[in-house]
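Examining the three-dimensional arrangement
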Amino acid sequence: MEHVVWLIVALALFAGAALYTRGVMRTGKARGHGSPEPGSLDLYQLAFLAGGPARTADVALLGAWARGAVTIGADGRISPAGQDPSGDGYAQAVQSALPSGTVAGARTAIAEHPAVRAVHDRLFGLGLLNPASRPARLRGARVVLALAPLVAAAGLFVKPLAGSPTHHTALWVANLAVVLIGATGCAVLAYWLFSRFDKLREPLNDRSLFYLWNQVRDPGQLGHIAQAAPGGAQFGDTALFGTERIPDPTLRGVFQQASAVTAGRIVSDGWTEAQWIQSANSRGQLGAPSFADAQQAASQAAAQAQAVPPQAPPSAYPSGADGHGYPAQPTPGGQYYGGGAAAQPQPYLPPWEQYPDQQ
């Protein structure tokens, strides 16, 4: 009976590895929800979806500037200018970031504020964001799936636990079968696990891209969303397309410089600002024709080209002659080589009747 110990241990070992991996796989699955209704996200949430927490921080700073709560100098300095009439969570985030003294420092602090983190949580809850591509438990799953078969195989050589292949052949073969089946299962789980997380190479999924493109194609609704945000009337395009759409050229230069300074420092779930923007433009640059639009246009052009009948090229020979001074002769189908459209039909004669004097 003591030789059955390793059989039980091996079964428990593989079962534990499977349960642990199943829990990790759940963290790599986006929540399954339908796309939210157009216009259901506010300006800050739309900015987060299109550019990550850095974009939301930019819109919050610009909104505070438009409300007269802060002043932003051409040198990138930011300072309080008065009481903010908004008082919402984004306004509080801006006020808490003012001690940094610069737009670059303020946007970094705002991106880490709980109000902006709450935007991430809402979007993730709506199923618009992918989970982190490399969660902390993924490394643990890698170790568990690698060690479980090795430990189970090592136990086969401990005779008091697994028995002897010569004296306890049936039991030892059963242990070997459990090890082989368990090792195969671990390999399959490792493939499923890492193939799933390999697909999470960008923060946005198809639902979020569909939502963004609907907003791009409805500028009127984007204007209503911007009007609803205090101080955000001018910055609807900024939220969706980035700092290059800031109307004021001085502010535009300040925020673009701040974005360059903080590149790679503002991270959400492992995604940098550049990776977030690249993900938003993965179906074509927002505001420009998408890949689907370009493919549809190409298909329509090809269909139109097929609908137009091809025109015959002009004849290389003079009308009515085949290039050697002889009259054009018809083919059995009634077409004339070298004669063109102006050639007069000639009766078809066999060769021995065309030149009787040469016979």
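Look a little higher up for the structure.
Scope of this entry: the structure provided in the associated data block. (Residues numbered from 1 in each chain as written. Predicted model: local features only at pLDDT ≥ 70, side-chain atom pairs only at ≥ 80, totals over all residues. Heavy atoms only, no water.)

**Let's talk about the nonpolar core**
Stated precisely, the cut-off is as follows: Among buried residues, those of type Ala, Val, Leu, Ile, Met, Phe, Trp, Tyr and Cys that are joined through side-chain atoms within 4.5 Å constitute a nonpolar core. Whether a residue is buried, partly exposed or exposed follows from its accessible area with a 1.4 Å probe, protein chains only, as a fraction of its type maximum: under 20%, in between, or over 50%, in that order. Strands here mean DSSP runs of E at least two residues long; helices mean DSSP runs of H or I at least four residues long; both are numbered from the N terminus. In this description, contact between two residues means that some pair of their heavy atoms is separated by no more than 4.5 Å.
In this structure, Leu49, Ile110 and Leu212 are the most contacted members of the largest nonpolar core, which totals 56 residues. Among the elements that take part in this core, helix α2 (residues 43–66) stands out by supplying 13 residues, more than any other. Apart from the residues within four sequence positions on either side, Ile110 is in contact with Ala57, Ala60, Leu61, Ala93, Val94, Ala97 and Val116. Residues Ala10, Phe14, Leu189 and Phe194 belong to the second largest nonpolar core, which totals 19 residues.

**Quick look at the packing of aromatic side chains**
Selection criterion: Any two of the Phe, Tyr and Trp rings considered here, Trp counted by its six-membered ring, make a pair once their centres fall within 6.5 Å; the pair's planes then place it as stacked at under 30 degrees, edge-to-face at over 60, or tilted in between. The criterion for a charge sitting over a ring is simple: Lys NZ or Arg CZ within 6 Å of the ring centre, and within 35 degrees of the ring normal.
What the rule picks out here adds up to two aromatic pairs. On the basis of an interplanar angle of 90° and a centroid distance of 5.4 Å, the ring pair of Phe48 and Trp276 is categorised as edge-to-face. Residue Phe48 is found in helix α2, and its partner Trp276 is found in helix α13 (residues 273–280); the two are separated by 228 residues along the sequence. Assessed through its relative accessible area of 1%, Phe48 is described here as buried. Residue Trp276 is classed as buried on the basis of its relative accessible area, which comes to 2%. Positioned above the aromatic ring of Phe241, the side-chain terminus of Arg245 is 4.2 Å from the ring centre.

**Digging into helix α12 (residues 249–261)**
Note the cut-off: What a helix is expected to span follows from its residue count: subtract one and scale by 1.5 Å. Working note: the arc is built from the helix axis to C-beta atom directions. We define a polar contact as two N or O atoms separated by no more than 3.5 Å, with the added condition that, inside protein, one atom must be a possible hydrogen donor and the other a possible acceptor, whereas residues neighbouring each other in sequence contribute only through side-chain atom pairs.
Over its 13 residues, α12 runs 18 Å from end to end, which matches the ideal 18 Å to within 8%, given 1.5 Å per residue. Buried residues of α12: Leu251, Val254, Phe255, Ala258 and Ser259, and no others. One face of α12 carries all of its buried residues, which in axial projection span an arc of 135°. Along α12, exposed side chains directed more than 90 degrees from the buried face belong to Pro249, Gln257 and Ala260. In this structure, the buried residues of α12 make contact with α2, β1 (70–72), α4 (103–111) and α13. The N-cap of α12, judged by a side-chain oxygen 2.9 Å from the amide nitrogen of Thr250 a few residues on, is Asp248.

**Brief notes about the pattern of salt bridges**
Cut-off, in case you're wondering: We define a salt bridge as a contact between a side-chain nitrogen of Lys or Arg and a carboxyl oxygen of Asp or Glu at a distance within 4 Å.
Enumeration according to the criterion identifies five salt bridges in this entry. A salt bridge links Arg67 to Asp84, with the nearest nitrogen and oxygen atoms 2.9 Å apart. With Arg67 in the loop between α2 and β1 and Asp84 in the loop between β2 (78–80) and α3 (89–97), this pair connects stretches of sequence that are 17 residues apart. Neither residue differs from the other here; Arg67 and Asp84 are each classed as buried. For Asp121, the salt bridge goes to Arg117, with nearest N and O atoms at 3.8 Å. One end of the pair is Asp121 and the other is Arg117, both in helix α5 (residues 114–125) and four residues apart, which spans about a single turn.

**What to know about the packing of α2 against helix α9 (residues 206–216)**
To be explicit about the condition: Axes here refer to lines fitted to C-alpha atoms; in helices the fit is confined to the stretch in contact. Angles between the N-to-C directions go from 0 to 180 degrees. In this scheme the handedness of a crossing depends on how the near helix is turned from the far one: anticlockwise by less than a right angle means left-handed, clockwise means right-handed. Charged means Asp, Glu, Lys or Arg here, nonpolar means Ala, Val, Leu, Ile, Met, Phe, Trp, Tyr, Cys or Pro, and polar covers whatever is left, Gly included.
Following both chains from N to C, one finds α2 and α9 inclined at 115°, their axes separated by 11 Å at the closest point. As for how α2 packs across α9, the hand of that crossing is left-handed. Residue-level inspection shows Leu46, Leu49 and Ala50 of α2 in contact with α9, the latter providing Ser208, Tyr211, Leu212 and Gln215. Broken down by class, the residue content of the contact of α2 with α9 amounts to five nonpolar, two polar and no charged.

**Some points on helix α10 (residues 219–228)**
Every buried residue of α10 is accounted for by Gln221, Leu222, Ile225 and Ala226. Relative to the axis of α10, the buried residues are bounded by an arc of 140° and lie together on one face. The outward face of α10, more than 90 degrees from its buried face, is lined by the exposed residues His224, Gln227 and Ala228. Those residues of α10 that are buried lie in contact with α2, α9 and α11 (236–241).

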